Amino acid sequence: MKKTAAVFLDRDGVINECMTSRVRHVNSPNQLHLIPGVSQAIRELRTAGFMIFVVTNQGGVGAGFLKESTLRLIHDRLKDELAKDDAFVDDIAFCAHKPTAGCICRKPEPGMIKDLAKRYGIDLSKSFMVGDMDTDIAAGAAAGVRTIKIGEAPVNIFADFVTSDLAHAAEFIIASIENK
Ligand SMILES: [Mg+2]
Ligand SMILES: [Zn+2]
């Protein structure tokens, strides 16, 4: 069977708002606000044949700021908000370990991406990681996917593309597969 390509998405700052005037960190479902254009971008990527995964560091769980049960409610809300726009994600992986735990899943480690790739039969060489932190880019690079940085260009690490938001990232991804 031919392996599928995927787009791995960071959550905070890529899919939903964080560090904006109305929400710093998402600690409850009602603080989850989709960034405009995200649902359409996800729909377009799916139409182009990509599976869509979320890979998010949630060290607040391990550190005791956020209950895992609340995190799951936040992710239910995320899926509900996307569903209202006919968009959906195939799976959401999170690292709940303390930032200092030294686990293999917390980005910049590639553990979440590699694990999803194994479980869903993903061809990483045809896949992409989109994130707003240099650690997202490092995780993607370590997993062997192409990388797209939202916001400023990363420091001391190469990203294949730098842009303002997921809508533009999706355009880049779709153009790059059409140009092959
Ligand atoms: Mg982020
Ligand atoms: Zn972890």
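Now for a description of the structure that goes with this document. (Residues numbered from 1 in each chain as written. Chains lettered and ligands numbered in written order. Predicted model: local features only at pLDDT ≥ 70, side-chain atom pairs only at ≥ 80, totals over all residues. Heavy atoms only, no water.)

1. With respect to the coordination of the magnesium ion (ligand 1)
- Taken together, Asp10 (OD), Asp12 (O) and Asp132 (OD) make up the full set of protein donors to the magnesium ion (ligand 1), lying 2.1 to 2.2 Å away.
- For the magnesium ion (ligand 1), the donor residues sit on a single chain with the sequence spacing D-x1-D-x119-D. Residue aspartate 12 is located in the loop between strand 1 (6-9) and helix 1 (38-47), and its partner aspartate 132 is located in the loop between strand 4 (128-131) and helix 5 (134-143); the two are separated by 120 residues in the primary sequence. (Donors = N, O, S within 2.8 Å, 3.2 Å for Na, K, Ca; no water. Helix = DSSP H or I, 4+ residues; strand = E, 2+ residues; numbered from the N terminus.)

2. Re helix 3 (residues 68-84)
- In a regular helix each residue adds 1.5 Å, so 17 residues correspond to 24 Å; helix 3 covers 25 Å between its end C-alpha atoms and thus fits that length.
- Every buried residue of helix 3 is accounted for by Thr70, Leu71, Ile74, His75, Leu78, Glu81 and Leu82. One face of helix 3 carries all of its buried residues, which in axial projection span an arc of 145 degrees.
- On the buried face of helix 3, the contacting elements are helix 1, strand 2 (51-57), helix 2 (59-63) and strand 3 (91-95). (Expected span 1.5 Å × (residues − 1). Buried < 20%, exposed > 50% of the residue type's maximum accessible area, 1.4 Å probe, protein only. Arc of directions from axis to C-beta. Contact = heavy atoms within 4.5 Å.)

3. Considerations on the coordination of the zinc ion (ligand 2)
- Within the first shell, the zinc ion (ligand 2) binds the protein through Cys95 (SG), His97 (ND1), Cys103 (SG) and Cys105 (SG), at distances of 2.0 to 2.3 Å.
- Residue class for cysteine 95 comes out buried when judged on its relative accessible area of 0%.
- Residue classification places histidine 97 among the partly exposed residues on the basis of a relative accessible area of 38%.

4. Re the layout of surface pockets
- If you add up the space inside the largest pocket, you get close to 600 Å³.
- Forming the walls of the largest pocket are 22 residues, and the residues nearest its centre are Asp12, His25, Asn57, Gln58 and Met133.
- In the lining of the largest pocket, the residues fall into seven nonpolar, eight polar and seven charged.
- By volume, the second largest pocket is sized at about 180 Å³.
- What lines the second largest pocket is a set of 11 residues, among which Lys2, Ala5, Phe50, Lys126 and Ile177 lie closest to the centre.
- Split by residue class, the lining of the second largest pocket holds four nonpolar, two polar and five charged. (1 Å grid on protein atoms, 1.4 Å probe; cavity = no way out; pocket = protein on both sides within 12 Å on 5 of 7 lines; lining within 4 Å. Points joined across faces, edges and corners; volume = space filled by probe spheres on them. Nonpolar A, V, L, I, M, F, W, Y, C, P; charged D, E, K, R; others polar.)

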